[in-house]
Amino acid sequence: MNQPLPSPRQAPMVDPFGRTISYLRVSVTDRCDFRCVYCMAEDMTFLPKRDVLTLEELDRLCSAFIEKGVRRLRLTGGEPLVRRNIMSLIRSLSRHLESGALQELTLTTNGSQLSRYAGELAEAGVRRINVSVDTLDPDRFRAITRWGDLGKVLAGIDAALAAGIKVKINAVALKGVNEHEFDDMIRWAHGRGMDLTLIETMPLGEIGEDRTDQYLPLSTVRDRLSKSWTLGEIGYRTGGPARYVEVAETGGRIGFITPLTHNFCESCNRVRVTCTGTLFMCLGQEDAKDLRAPLRASEGNELLAAAIDEAILRKPKGHDFIIDRDHQRPAVGRHMSMTGG
């Protein structure tokens, strides 16, 4: 992959509320080989290839953000590992790890392709990944993901652990679906040295179902767990929105991502870029900045850097997620698979 010459590091990106932006999540594709019921409609229409940034453009865009102070870079999707030749991008971006400009290069994945790629990811400097597993029941897993094979995902997790990659399990809490499984998931995850993060379902995109039927407040989940486990507050952070507790009985950690019951925006250091080059300053707001046009308008990065700077100055204080019977439409129209998890 052709790599542009490095530019001098620029001043840090600081939003209007004094938050330094040091964490970038980039969706490398809107496509996925699952159709999770809280994320996508079963019959999805994906973007035409001409609208999607090339791998070379994604490399250049990520590198521009790194020059502007991004220290953590997470690749997402859709499912990032279904993007053709994705490892060439990951290997290229790993040069920023070697130079010290980037502290961490990681990804969020459904695990379906991990058996194939775990070794290469480790060789490219990926030390930590998030894998989405909402249930340990194979039939329920198939029902939630519509197309997924739990055995294949578990084999991928085994491959990642064997390659020396630290795995964190993400599970979306779904009322009446998996809420009775969290004790078993804690035992399984912590027994393998994996943290477990529970996530409230988010009102993103039309999915053909009423999200009020899915929504399970994590305040309720935590109260239930505290009856079975000793949960201790800790200051552990990974750079994302999760707030962690330690389970005394296992020594492992549980993270809670609570966009609805507890707004996590006050310390937000993140922005997201879609595979089309659209920068969203907030997951829960529609305001966005097109970076594809300045990226393609010049071989240099001056226009791109100016567009990023202008967008960061518009980053809002927080999101406005609501789920109740009076707000059945999604808070934003785009699907999570477009913006990236």
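Just so you know, these numbers come straight off a predicted model, no measurement behind them.

(A) Local environment of the packing of aromatic side chains. Applying the stated criterion across every chain, the model contains two aromatic pairs. Measuring from ring centre to ring centre gives 5.9 Å for Phe-34 and Phe-141, while their planes differ by 85 degrees; the resulting arrangement is edge-to-face. Separated by 107 residues along the polypeptide, Phe-34 in the loop between strand E3 (23-27) and helix H1 (55-67) and Phe-141 in helix H5 (residues 138-145) bring together distant segments of the chain. Phe-34 gets classed as buried once you look at its relative accessible area, which sits at 5%. Ring centres of Tyr-236 and Tyr-244 lie 5.0 Å apart, and the angle between their planes is 80 degrees; on these two criteria the pair is classed as edge-to-face. The exposure class of Tyr-236 is partly exposed, given its relative accessible area of 25%.

(B) Structural view of helix H10 (residues 302-312). Listed in full, the buried residues belonging to H10 are Leu-304, Ala-305, Ala-307, Ile-308, Ala-311 and Ile-312. Looking straight down H10, one finds its buried side chains confined to an arc of 160 degrees; they lie on one side.

(C) Quick peek at helix H7 (residues 182-191). Taken together, the buried positions of H7 are Phe-182, Met-185, Ile-186, Trp-188, Ala-189 and His-190. Positive backbone phi, approximately 80 degrees, marks Gly-193, located one or two places after H7.

(D) The arrangement of the pairing of strand E11 (residues 253-257) in detail. Where burial is concerned, most of E11 is hidden: five out of the five residues are buried. The two faces of E11 match: Arg-253, Gly-255 and Ile-257 on one face and Ile-254 and Phe-256 on the other face are all buried. Alignment of strand E8 (residues 195-200) against E11, held across four bridges, turns out to be parallel. Among the inter-strand pairings, Leu-198 is bridged to a residue of E11, identified as Phe-256.

(E) Just the packing of helix H2 (residues 86-93) against helix H4 (residues 114-123), in detail. The interhelical angle for the contact between H2 and H4, taken along N-to-C directions, is 15 degrees, at an axis separation of 10 Å. Between H2 and H4, the crossing angle belongs to the class labelled roughly parallel. Seen along the crossing, H2 lies across H4 with a hand that is right-handed. Facing H2, whose interface residues are Met-87, Ile-90 and Arg-91, H4 presents Tyr-117, Glu-120 and Leu-121. Taken together, the residues of the contact of H2 with H4 sort by class into four nonpolar, no polar and two charged.

(F) Local environment of the nonpolar core. By size, the foremost hydrophobic cluster in this structure holds 91 residues, and its most contacted members are Phe-65, Leu-121, Ile-169, Leu-198 and Leu-225. Take this core: its biggest share by element is seven residues, from H1. With residues near it in sequence (within four places) discarded, Leu-121 still touches Leu-81, Met-87, Ile-90, Leu-107, Leu-114, Val-126 and Ile-165.

About the thresholds
- Residues numbered from 1 in each chain as written.
- Predicted model: local features only at pLDDT ≥ 70, side-chain atom pairs only at ≥ 80, totals over all residues.
- Heavy atoms only, no water.
- Phe/Tyr/Trp six-rings, centres within 6.5 Å; stacked < 30°, edge-to-face > 60°.
- Helix = DSSP H or I, 4+ residues; strand = E, 2+ residues; numbered from the N terminus.
- Buried < 20%, exposed > 50% of the residue type's maximum accessible area, 1.4 Å probe, protein only.
- Arc of directions from axis to C-beta.
- Pairing = 2+ DSSP bridges.
- Axes fitted to C-alpha atoms, helices over the stretch in contact; angles between N-to-C directions.
- Parallel < 35°, antiparallel > 145°, perpendicular 65-115°, else oblique.
- Left-handed = near helix turned anticlockwise from the far one by under 90°.
- Contact = heavy atoms within 4.5 Å.
- Nonpolar A, V, L, I, M, F, W, Y, C, P; charged D, E, K, R; others polar.
- Core = buried A, V, L, I, M, F, W, Y, C linked by side-chain atoms within 4.5 Å.

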